[in-house]
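Chain and residue survey
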Amino acid sequence: MEEPTVVTLVGRVTVYTVTGCLHCIRTKTRLVELGLPYSEVDLRKHRHLREKIRELTGRSTVPQIFFNNVHVGGNSEFQKMSKEELDRLIELVKNEELPPNAPPLPDMTEEEDDTRDAELKCERDEYADIVVEFKQAGIIGTNRSGLKVHKHTFSGRQLVKWMNNNKGFDEGKAVDVGKKLVSKKFINPLHGKPEFEDSDALYKLVEHDKAAALNIGTTAECYSVPATEHSEAMRELVLNLYAEYISPDGKRVDYKAMAKSTMFQSYCQLAIQLQRVEVDNLTRKEKLAFFINVYNALVIHAQIIYGQPKNVWQRYRFFNIASYVIGGEIFLQSIENGVLRANQRGIAQIMKPFSSSDPQLKIALMEPEPLIHFALNCGARSCPAIQIFNAKDVDALLITAAEGFLEGDDGCSVNLGKREIRLSQIFKWYKVDFGGTDRKVAAWVYNHMADGIKKRDMKKLLDSSSYKLSYLPYDWRSNAK
């Protein structure tokens, strides 16, 4: 393919973005195809400019595109511009200098960089050596409890005896250490009392407890950290993975190349530390950011390990085995429906994810959060764009994610001539989260759309009360490159 001729500009094309934003990637790809140089401003790094851009555009979504001081809009409007409109703007930046009221670039001497070192600093837990030594002692094995046989187990008495003989601990000290190992999520009781006992009660190492989880099999040796700290480290590492392995058009992920990268190996090490991360005392915002980030990373991880599901049965199996151990408990579909949807039944689920006695119930949000549906990416082509969230800005970022999803034709299509509104299947599957009726769903969508032609057309239909609401086909094909 012949390289485009680069246009010499007197003025400037400015694109406001955030790292990993698919619509931003598509915009930049189109500008390169046109041979147009551009100045990119990452609003995640330059947070102080966000409000200024919102004032200039009336929008919180990205990208926002300017030719000199002429605001084009977002990616959808840019891609749909006629040749005549585009030629006129190109002539503008080719021949006219940047006016005084041009959109701002960051002052590099006052840069607000919101990125951080993606590597979580590992301070080795003082109890990790005990766990590793015990694991190598050959005591963990198959034990019977009643009529059931349990693999990879040991009794409290066996652990106490091993500490007596090998660590020189008396019985009281050994029991105290056993209690520490439970509280620090190194070991889990098989059933019964949550505290450690010097008895025949059986225990498992957390890394052996959930056989299907993708982050088990290795001891999490670092001191456990708050979920917010872990989430920030994971956020930056995954952002870099997405930026590196998402295709130029922003539609596909190169899972094969990602699997071979050192960044992915670093991510796997980070995932191991989720075994013992502290999640019990998270605020609402912290839960939202942490569990959205973990869900999206888990889907990527599972696609790499298990491959991409190709039919209904494979998708069902995929989402019933893809899991992480987090804070000593296993999480799979329960992240979406249990935690983020406040313990509601999911699609085709008969039971709620968490029973009234489930220790995970205390982690669930108090109320469902409809906006999470535009943040969770299931690895299919019709899924919302892949994004990463931080606790401080999670509400604003979720609103932006919804606006971005509804801006695309996969999320919402409005045909004024046919008097028809077509929405993603997400609004049908989770209708209860958006009001429960088609009319309430349509009103919710309108209230969460960014200003633009589509929203104005939708208002005309809603005001007339004469329109047809239907749901778009869902493209379940993998977003694998």
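Cut-offs applied
Residues numbered from 1 in each chain as written. Predicted model: local features only at pLDDT ≥ 70, side-chain atom pairs only at ≥ 80, totals over all residues. Heavy atoms only, no water. Domains from an automatic or database assignment. Contact = heavy atoms within 4.5 Å. Buried area = accessible area lost by both parts, 1.4 Å probe. Polar contact = N/O pair within 3.5 Å; in protein donor to acceptor, adjacent residues only side chain to side chain. Salt bridge = Lys/Arg side-chain N within 4 Å of Asp/Glu carboxyl O. Buried < 20%, exposed > 50% of the residue type's maximum accessible area, 1.4 Å probe, protein only. Helix = DSSP H or I, 4+ residues; strand = E, 2+ residues; numbered from the N terminus.

In the nomenclature of an unreviewed UniProt entry, the protein chain is known as Zgc:152951 of Callorhinchus milii.

The next thing to look at is the domain arrangement of the protein chain. Assigned domains within the protein chain: domain 1 (13–95), domain 2 (127–208), domain 3 (227–378) and domain 4 (400–471). Inter-centroid distance (C-alpha atoms) of domain 2 to domain 3 is 29 Å. Facing the six residues of domain 2 at the interface are five residues of domain 3. Between domain 2 and domain 3, the buried area comes to about 510 Å², and carbon and sulfur atoms account for 50% of it. Where domain 2 packs against domain 3, one counts two residue pairs in polar contact (both at pLDDT 80 or more).

What follows is about the pattern of salt bridges. For the structure shown, the criterion picks out 21 salt bridges. Among the salt bridges present, the one from R124 reaches D129, with a minimum N-O distance of 2.5 Å. Assessed through its relative accessible area of 37%, R124 is described here as partly exposed. D125 is the salt-bridge partner of K184, the closest N and O atoms lying 3.0 Å from each other. Of this pair, K184 sits in the loop between α7 (171–183) and β7 (187–189) while D125 sits in the loop between α4 (83–95) and α5 (128–135); the two residues are 59 residues apart in sequence, bridging distant segments of the chain. Owing to a relative accessible area of 18%, K184 belongs among the buried residues under this scheme. According to the relative accessible area criterion, D125 is buried, its value standing at 1%. A network of salt bridges, in which partner residues are shared, links K80, D409 and K454.

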